[in-house]
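Now for the letters of each chain:
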Amino acid sequence: MRKKIEFLDRLFKVLHCRNDILEYLKVQKLIDDNTMQALLHEQHTTHSTRIAGLLEGLVAEERVQLVSYEWTVLPKELMKLTIVTDTDKKEFVYSV
């Protein structure tokens, strides 16, 4: 779990996609607006931990088919978070 949190910390720092991820989960009806707003109003340093836990929980409940974290540093940094639901696939990608 620690590596996933580090991944999300870095991804949020370079891509600023925290809201986009939560909005995607809301559109897919995996979280509600109250959950999204509550998380966003928490201290920003806890967002990576909470979102990693949220994604893990959704996979455990089989509401999300796959959450994949891909992080390559050399020769160029590439970060890709893939979320696969029953009806859709969404990738959040950062590449230098």
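Below is a summary of the structure that appears in this document. Owing to the predicted nature of the structure, the values given are computational and were not obtained by experimental measurement.

It is worth spelling out unusual backbone geometry at this point. At the junction of L74 and P75, the peptide bond is cis and its omega measures out at 0 degrees in the coordinates. One can find P75 in the loop between β1 (66–72) and β2 (78–84). Phi is positive for H16, close to 55 degrees, though the residue is something other than glycine. Position of H16 relative to the elements: it lies in the loop between α1 (2–15) and α2 (18–27). Of the residues examined, H16 reaches a relative accessible area of 62% and is grouped as exposed. We note that E62 has phi near 60 degrees; this positive angle belongs to a residue other than glycine.

Glancing now at the packing of aromatic side chains. Across all of its chains, the model carries two aromatic pairs by this definition. Look at F7 and Y69: their rings are 5.3 Å apart centre to centre, the planes differ by 90 degrees, and that puts the pair in the edge-to-face class. In this pair, F7 is assigned in helix α1 and Y69 in strand β1, connecting sequence segments 62 residues apart. Relative to W71, the ring of F7 lies with its centre 5.8 Å away and its plane at 75 degrees, an arrangement referred to as edge-to-face. Of this pair, F7 sits in helix α1 while W71 is found in strand β1, placing the two residues 64 residues apart along the sequence. Judged by relative accessible area, which is 37%, W71 ranks as partly exposed. Taken together through their ring pairs, the aromatic side chains of F7, Y69 and W71 make up a single cluster.

Now for the sheet that holds β1. Ordered in space as β1-β2-β3, the three strands form an open sheet in which the pairing is antiparallel. A single partner strand is all that each edge strand has here, and the edge strands are β1 and β3 (89–95). Geometrically, the sheet is characterised by an average inter-axis angle of 5 degrees between neighbouring strands, direction not taken into account. Relative to β2, β1 runs antiparallel, the two sharing seven bridges. Residue pairing for β2: V67 is matched across the bridge by I83.

So, how was this worked out
Residues numbered from 1 in each chain as written. Predicted model: local features only at pLDDT ≥ 70, side-chain atom pairs only at ≥ 80, totals over all residues. Heavy atoms only, no water. Helix = DSSP H or I, 4+ residues; strand = E, 2+ residues; numbered from the N terminus. Buried < 20%, exposed > 50% of the residue type's maximum accessible area, 1.4 Å probe, protein only. Phe/Tyr/Trp six-rings, centres within 6.5 Å; stacked < 30°, edge-to-face > 60°. Pairing = 2+ DSSP bridges. Axes fitted to C-alpha atoms, helices over the stretch in contact; angles between N-to-C directions.

In short, geometric facts, not functional conclusions.
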